Amino acid sequence: MSAMAARSPFRTDGTWLLVGPAVIFLMLFFIYPFGYGFWLSFNPAEGAWSANYQKFFSDEHLWRTLIVTFQLSLPVTILNVGLALPIAFQLRRKTRYQRWVTTLLVIPITLGTVLIAEGMLTYFGPRGWLSQFLQLLHIYDGPIRLTHNFTGVVLSLVISGFPFAFLLTLSYVTGIDPTLARAAATLGAGPWDQFRHIYLPLLAPGLAITFCLAFVQAFSVFPSAVLVGAPSGPTRVISLAAYEAAFEQYDYSMASAVAMIMGFAQLIVVVAVLGLRRGLYRGPVGGGKG
Amino acid sequence: MNQLFKELRLAGVSRHFDNPSGQRVAALHELTLTIKRGEFICLLGPSGCGKTTALNCIAGLLPVTGGTISLDQHRIDLLPPEKRGFGMVFQNYALFPHMTVRKNVAFGLMMRGTPAGEIKTRVARAFELVQLTGHEDKLPGQLSGGQQQRVAIARAIVIEPPLLLMDEPLSNLDAKLRLEMRAEIRRIHRQLGRTTIYVTHDQEEALSLADRIVVMKDGLVQQVATPEEVYAQPANIHVARFMGYRNVLTLNAGTRNGQRIALEGQGLTLEGAVKQDPGGKAAVAIRPEDISVGSGPNTIAGKIENVEYGGHESLIDVRAGNDVLLHVRTGARVKMGEAVTLTVAPERVLVYLAETA
Amino acid sequence: MSAPSERRHWFYSVWSGLLLGLMAFFILNIGLMVAAVVTNSFGRRWLGTWLPEGYTTQWYAAAWKEFQLGDVLWVTAEVVLVVVALSIIIGVPAAYALARRQFRGKQLVMLLFILPLIIPPITYGIPMATVMYQAHLGGTLSGVILSNLVPALPFVILVMTPFIEQIDPTLESAARVFGANTLRIFWHVLIPLLMPGILAASLLVLVRTIAMFELTFLTAGPDSQTLVVALYYAVFAAGVRAPQSVDAMAMVYMAATLVWLLIALRFVNPTQLVSRVKEQPAH
Ligand SMILES: Nc1ncnc2c1ncn2[C@@H]1O[C@H](COP(=O)(O)OP(=O)(O)O)[C@@H](O)[C@H]1O
Ligand SMILES: [Mg+2]
């Protein structure tokens, strides 16, 4: 037996001792809950096996949350990634300016949505500085309403999501060998042509991943939907529905069903984006230009 | 395992790898060799011939895929490297960059649980032996290449291993240092009286160091012999080429008379000494220094095409026969374009089986 | 010849100016937002004017008492320290296996380590919390630690793997030949050489765990709340408390996070905090 192990071309001895604890931990606290949640979602407290899902898609109070979440997360993600790409491209050279911007932008990500919400309530609130400033310039008279509504959540998702999309895009942009663009420049390509013909095709996979991660993050919006949104209606997002089912109605089966629906919705968008990317850029990237 | 052994036996030791296209290829094919205590063995061969693979199999860093390795009666090929108790000098030294040189040298003793006092004296002795006393508290990065090399040797010998393995230990040094270290390694080997297996692709190094040389090509052993024998009587045309027989001709074998054989072709007629029965086509190997300018047996007429002046001797290229270029090392003073007559003793015209493509 | 190229040049200046202006505007507003919180936390009375009527530190004392910040900070420190320690102890060997060893199921194991980083916590947090409560871990400190370990452990593994890959493997061969087993190789060779990487990974996990809201929120009980969850409840119940004391608490949270962030940024690139999935650009 040990002779067999020593004769195998791979050193396997002890490997499972090294990865084992991490694998076991994640199996217990990540995979198992997922599987259990999946099973639980089909075992409702009462009714048929699909009762939770039927309820979700027939109760407007519930299915609307899915629509609301998409209405929030899709436009915000497109905005964030759409802004991140040109700005990251602009800042692709390693300068002190780039270092400063990245450092400043990492702060809102690290602080997280709860603190952003509190900051927004103070700064964007009806008596906050922004409101006062707009009144001073007579751009908008009367107290502005930027919190406790849909706009509030959008703002919060931009504040936390744009830096995330930007830093991720930047790491992909700076990963591209700048000599490629320089080679293109010697052949007469201006910045736009360099972007269009060199960077964009090479960035496509990274952008697709950035979009997916940014979307998934926006889709799972939770604290800001409560704190700076209107959680009873316009910003009642799906994670809130899952939370309420679990911790207010103690219907874990329903909560699991909502969580599964949330995960499935994210998966669909991710698969669609990655599929789209493959369809769009198969030719140029596969052609050995990289 | 740390006792001295009488002999180390490699029996059919093989090592296969899966190449990227999924085929199994043998990096080392059935190496069989018995090494006696105190011997200095060189594994010699061009890059990629499987020398490192062989050494790593012996050290236990690579599991073998066939064959056995034993010390006297004990099989060791299933033991992990840390249980074999050998010493090893790595090609890139592999000194621990975060430890002082002293700690590096003491590492093996520390792992063996040697008492601190003994570690101290043995480490000091090892430093003396490699002549590095005074550098003990530097980090490896603060030493020159030659000094790092000697630390690597000290680290290997301080544990007084029954077997010392060295993988191209001099290949990263400049020419002068290489010569010095070569002498040093030989001295240390003699002083300790331990067995050494030394890997190199430099035939000069192998010739000057080894008691026995193992010549390898493509994972296969070509010849195992003393340096004199490998140099003067290569076992086949590959070894001959590798040992500096720069003139290799393909000629037709004629009548044979004992060890002598008549050769003809490419406008030349020669007499040679049979090393392998050639059949019809023969591969004929001649060293540049075995050809001399003048007349005698095996006369060849030609014209000098190039002279590379080399001080005591020059290397000349002579065009002879039907457009054959011969390399000759000679002390005679000759000029470009001159017509010359060359001669070579029949016993230095080595005849082998022709290479198959 | 020069006219079109000049026009191009002009266009690019406007375009890049616009983008940089946008970026500056964004950063300015974030800065003002933070400044507003700072000002409010020190303000006496602040109603519709540019600046408060006067300044005081009383809100900090109030927040400390009202929100039991002493206990909350202690819990936070416990959670964060244990999560960092466990994720390093379990994660570094796993990262080593991924960097150095070939084994059956390696692709699957990699997938297992990547999933918790790309699936958002709230999505897997609800079923995870359900299981935790059934195992009587919900609402306890252990539950909070275990749930925070779920994203922290893969994060350490993904950060450490490239660090390990860049260490010369012949150093390990040398240690092995000279008699060290795997444990001793770790102790004498790998850990000292990996110290900068371990430090960076620890700081990153530390910052991320302090700020991890969702998982703690879902699994914490009244005695096992971390700072960020306590802050959420404070903001949530803003009508009950003076907004200044909530802002004072926000300041405590911000300070606790930023100190470690600034230390971390001395060792790592800001992008390392977000680029959790390493992908080679297409080639
Ligand atoms: N880990 C490996 N995987 C696949 N092939 C290998 C591996 N190590 C060595 N080889 C192959 O085995 C052969 C011998 O290699 P090596 O022993 O390193 O040669 P040498 O030390 O004589 O230069 C080479 O062709 C090399 O490509
Ligand atoms: Mg080698």
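Just so it is clear, the model here is predicted, and its values are computed rather than measured.

Rules behind the numbers
Positions within a chain are numbered from 1, following the residues in the order the chain's sequence is written. Written order determines the labels here, with chains lettered from A and ligands numbered from 1. For a predicted model such as this one, the threshold for reporting local features is a pLDDT of at least 70, and the threshold for listing and counting side-chain atom pairs is 80 or more; totals across whole chains, interfaces and linings nevertheless cover every residue. To obtain the side-chain values, all non-hydrogen atoms of the structure were included, while hydrogens and water were left out. Residues are treated as being in contact if the distance between any of their heavy atoms lies within 4.5 Å. Once two parts are brought into contact, the accessible area they lose, counted with a 1.4 Å probe and summed over both, makes up the buried area. Throughout this description, the term salt bridge denotes a Lys or Arg side-chain nitrogen within 4 Å of a carboxyl oxygen of Asp or Glu. The term polar contact refers here to a pair of N or O atoms within 3.5 Å; inside protein, the definition further demands a hydrogen-donor-capable atom paired with an acceptor-capable atom, and it admits residues adjacent in sequence only when both atoms are side-chain atoms. A helix here means a DSSP run of H or I that spans at least four residues, while a strand means a run of E at least two residues long, and both kinds are numbered starting from the N terminus. Ten residues, namely Ala, Val, Leu, Ile, Met, Phe, Trp, Tyr, Cys and Pro, are considered nonpolar, four, namely Asp, Glu, Lys and Arg, are considered charged, and the remaining ones, Gly among them, are considered polar. In this analysis the probe radius is 1.4 Å and the grid spacing 1 Å, with only protein atoms considered; a cavity is a set of points the probe fits into but cannot get out of, a pocket is an open set with protein on both sides within 12 Å along at least five of seven lines, and lining residues have an atom within 4 Å of a point. Grid points are joined across faces, edges and corners, and a volume is the space filled by probe spheres set on the points. For this analysis, a ring pair means two rings from Phe, Tyr or Trp (six-membered ring only for Trp) whose centres lie within 6.5 Å, classed as stacked if their planes differ by under 30 degrees, edge-to-face if by over 60, and tilted for the remaining angles. Between buried and exposed lies partly exposed: a residue is buried under 20% and exposed over 50% of the maximum accessible area for its type, with that area taken using a 1.4 Å probe on protein chains only. When DSSP locates at least two bridges between a pair of strands, those strands are taken to pair. Note on geometry: axes are lines fitted to C-alpha atoms, helical ones only across the stretch in contact, with angles between N-to-C directions running from 0 to 180 degrees. Residues are classed as near a molecule or strand on a simple rule: at least one heavy atom within 4 Å of it. Per-residue and other accessible areas were derived by the Shrake-Rupley procedure at a 1.4 Å probe size, with only the shown protein chains allowed to occlude residues. Given a helix with a known number of residues, its expected span is that number minus one, times 1.5 Å. For a residue, the bend is simply the angle between two axes, fitted respectively to the seven-residue segment ending there and the seven-residue segment starting there. All domain edges in this entry derive from an automatic or database-based domain assignment. Side-chain atoms within 4.5 Å are what join buried Ala, Val, Leu, Ile, Met, Phe, Trp, Tyr and Cys residues into a set we call a nonpolar core.

Peer 1: Could you clarify how one ought to interpret the interface of chain C and chain B in this entry?
Peer 2: For interface size, the figure often reported is the accessible area lost on association. Contact with chain C, which involves 17 residues of that partner, is made by 23 residues of chain B. Contact between chain C and chain B buries roughly 1,700 Å² in total, counting both sides, with carbon and sulfur atoms accounting for 72%. When the buried surface of chain C facing chain B is broken down by residue, Val177, Phe178 and His188 of chain C rank first, second and third, together holding 43% of it. The tally of links between chain C and chain B comes to 1 salt bridge. As a salt-bridge pair, Glu82 of chain B and Arg176 of chain C come within 3.2 Å of each other at their nearest N and O atoms. Along the contact surface separating chain C from chain B lie 6 residue pairs in polar contact (both at pLDDT 80 or more). Breaking the side of chain C that touches chain B down by element, the ones donating at least two residues are helix 7 (169–177) and helix 8 (182–211) of chain C. It is helix 7 of chain C that provides the largest number of residues to the side of chain C that touches chain B, a total of 7 residues. Along the lines of polarity and charge, the residues of the side of chain C that touches chain B split into 9 nonpolar, 5 polar and 3 charged.

Peer 1: What's the story with empty space enclosed by the protein in this structure? I'm lost.
Peer 2: This model, assessed by the stated rule, comprises 3 cavities of 30 Å³ or more. The volume enclosed by the second largest cavity comes to roughly 80 Å³. For the second largest cavity, the full set of lining residues is Ile107, Pro108, Leu111, Leu115, Ile116, Gly119 and Ile159 of chain A together with Ile30, Met33, Val34, Val37 and Met254 of chain C. Where the lining of the second largest cavity is concerned, the elements lending two or more residues are helix 5 (96–123) of chain A together with helix 1 (2–42) of chain C. No other element matches helix 5 of chain A, which puts 6 residues into the lining of the second largest cavity. Among the residues forming the lining of the second largest cavity, the class breakdown is 11 nonpolar, 1 polar and no charged.

Peer 1: Would you take a moment to explain the packing of aromatic side chains for this structure?
Peer 2: Given two aromatic rings, one states the distance between the centres and the angle between the planes to describe the pair. All names here are of chain A. Applying the stated criterion across every chain, the model contains 36 aromatic pairs over all chains. For the ring pair Phe89 and Phe195, a centre distance of 4.8 Å and an interplane angle of 65 degrees mean the geometry is edge-to-face. Taken together, the residues Phe89 in helix 4 (residues 60–90) and Phe195 in helix 9 (residues 191–219) connect sequence positions 106 residues apart. Given the relative accessible area of 10%, Phe89 is considered buried.

Peer 1: I would appreciate a short explanation of the sheet that holds strand 10 (residues 220–225) of chain B in the present structure.
Peer 2: Through backbone hydrogen bonds, the strands of a sheet pair up, either in parallel or in antiparallel fashion. All names here are of chain B. Across the sheet, 6 strands lie side by side as 6-7-8-3-9-10; this open sheet has mixed pairing. The outermost strands of the open sheet, each flanked by one partner alone, are strand 6 (87–89) and strand 10. Neighbour to neighbour, the strand axes of the sheet diverge by 15 degrees on average, direction disregarded. Each of strand 6 and strand 7 (163–167) is contacted by helix 5 (residues 145–157), which is oriented at about 170 degrees to strand 6, the strand it contacts most.

Peer 1: Help me out: how do you make sense of the sheet that holds strand 4 (residues 66–71) of chain B in this one?
Peer 2: Residues and elements named next belong to chain B. Sheet architecture is open: 4 strands sit in the order 2-1-4-5, paired in antiparallel fashion. What marks the edges here is a single partner per strand, and that holds for strand 2 (24–36) and strand 5 (74–75). With 9 bridges joining them, strand 1 (residues 7–18) and strand 2 adopt antiparallel strand pairing. Paired with Arg9 across the strands is Thr34, a residue of strand 2. Relative to the sheet, helix 1 (residues 51–59) contacts strand 1, strand 2 and strand 4, its axis offset from that of strand 1 by approximately 120 degrees.

Peer 1: How do you make sense of the site of ligand 1 when you look at a structure like this?
Peer 2: Residues and elements named next belong to chain B. Taken together, Phe17, Ala27, Ser47, Gly48, Cys49, Gly50, Lys51, Thr52 and Thr53 make up the full set of residues near ligand 1. With respect to ligand 1, the backbone of Gly50 contributes an N or O atom lying 3.0 Å from an oxygen atom. Notes on ligand 1: free accessible area 560 Å², of which the protein chains cover 55%. Among the elements that line the shell around ligand 1, the one with the most residues is helix 1, at 3 residues. Of the residues in the shell around ligand 1, the class split is 3 nonpolar, 5 polar and 1 charged.

Peer 1: Please explain helix 3 (residues 69–100) of chain C as it appears in this structure.
Peer 2: For the α-helix, the turn length of 3.6 residues means that residues three or four positions removed from each other point alike. The end-to-end C-alpha distance of helix 3 of chain C is 45 Å, a good match for the 46 Å that 32 residues give at a rise of 1.5 Å each. At Gly91 of chain C, helix 3 of chain C shows its maximal kink, close to 30 degrees; a proline, Pro93 of chain C, follows between one and four residues later.

Peer 1: Honestly, the interface of chain C and chain A in this entry has me stumped. Any pointers?
Peer 2: Taken together, the 97 residues of chain C in the interface contact 98 residues of chain A. Carbon and sulfur atoms supply 79% of the area that chain C and chain A bury against each other, a total of about 8,300 Å² over both sides. Top contributing element to the side of chain C that touches chain A by residue count: helix 1 of chain C, with 19 residues. By residue class, the composition of the side of chain C that touches chain A is 74 nonpolar, 15 polar and 8 charged.

Peer 1: How should the domain arrangement of chain B be read in this particular structure?
Peer 2: Residue and element names in this part refer to chain B. By domain assignment, chain B separates into domain 1 (7–237) and domain 2 (244–353). Using C-alpha coordinates to define each centre, domain 1 is positioned 38 Å away from domain 2. The interface of domain 1 with domain 2 comprises 7 residues on the first partner and 12 residues on the second. In terms of surface lost to domain 2, no three residues of domain 1 exceed Tyr231, Pro234 and Ile237, which account for 60% of the buried area on that side. One can count 0 salt bridges joining domain 1 with domain 2. Residue composition of the side of domain 1 that touches domain 2, by class: 5 nonpolar, 2 polar and no charged.

Peer 1: Any chance you could explain the pattern of salt bridges here in plain terms?
Peer 2: It is possible for side chains of opposite charge to pair when their charged atoms get near one another. All names here are of chain B. Taken as a whole and judged by the stated rule, the model has 24 salt bridges over all chains. With a shortest N-O distance of 3.8 Å, Lys51 and Glu168 are connected by a salt bridge. Highlighted residues: Lys51 in helix 1 and Glu168 in the loop between strand 7 and helix 6 (175–192), separated in sequence by 117 residues. Residues Lys51 and Glu168 agree in their burial class; the two are buried. Arg186 is the salt-bridge partner of Asp211, the closest N and O atoms lying 3.5 Å from each other. Highlighted residues: Asp211 in the loop between helix 7 (203–209) and strand 9 (212–217) and Arg186 in helix 6, separated in sequence by 25 residues. What makes Arg186 buried here is its relative accessible area of 18%. Through salt bridges with shared partners, one network takes in Arg287, Asp290 and Arg348.

Peer 1: Before we go on, may I ask you to explain the nonpolar core in this structure?
Peer 2: It is characteristic of soluble globular proteins that their nonpolar side chains tend to be buried jointly. Judged by nonpolar contacts, the single largest core of 283 residues is most densely connected at Phe166 of chain A together with Phe113 of chain C. Element by element, the count of residues in this core is highest for helix 9 of chain A, at 17 residues. Leaving out residues up to four positions away in the same chain, Phe166 of chain A has contacts with Ala84, Ile87, Ala88, Leu91, Val101, Thr102 and Leu105 of chain A together with Met23 of chain C.

Peer 1: Quick question: what am I supposed to make of the pairing of strand 11 (residues 247–257) of chain B here?
Peer 2: Along a regular strand, successive side chains alternate from one face of the sheet to the other. Residues and elements named next belong to chain B. In this sheet, strand 14 (residues 281–286) lies alongside strand 11 in antiparallel orientation, the contact comprising 6 bridges. In the sheet register, Leu251 faces strand 14, and the bridge partner there is Ala282. A loop of 2 residues connects strand 11 with strand 12 (residues 260–265), the two strands running antiparallel in sequence, and Gly258 in this loop sits at a positive phi of about 65 degrees.

Peer 1: How should helix 6 of chain B be read in this particular structure?
Peer 2: Residue and element names in this part refer to chain B. Over its 18 residues, helix 6 extends 26 Å from the first C-alpha to the last, a length consistent with the 26 Å expected when each residue adds 1.5 Å. Every buried residue belonging to helix 6 is among Met181, Arg182, Glu184, Ile185, Arg186, Ile188 and His189, and all of these are buried. Packing partners of the buried residues in helix 6 comprise strand 3 (40–44), helix 4 (116–129), helix 5, strand 7, strand 8 (195–200) and helix 7. Gly193 lies just past helix 6 and shows a positive phi near 65 degrees.

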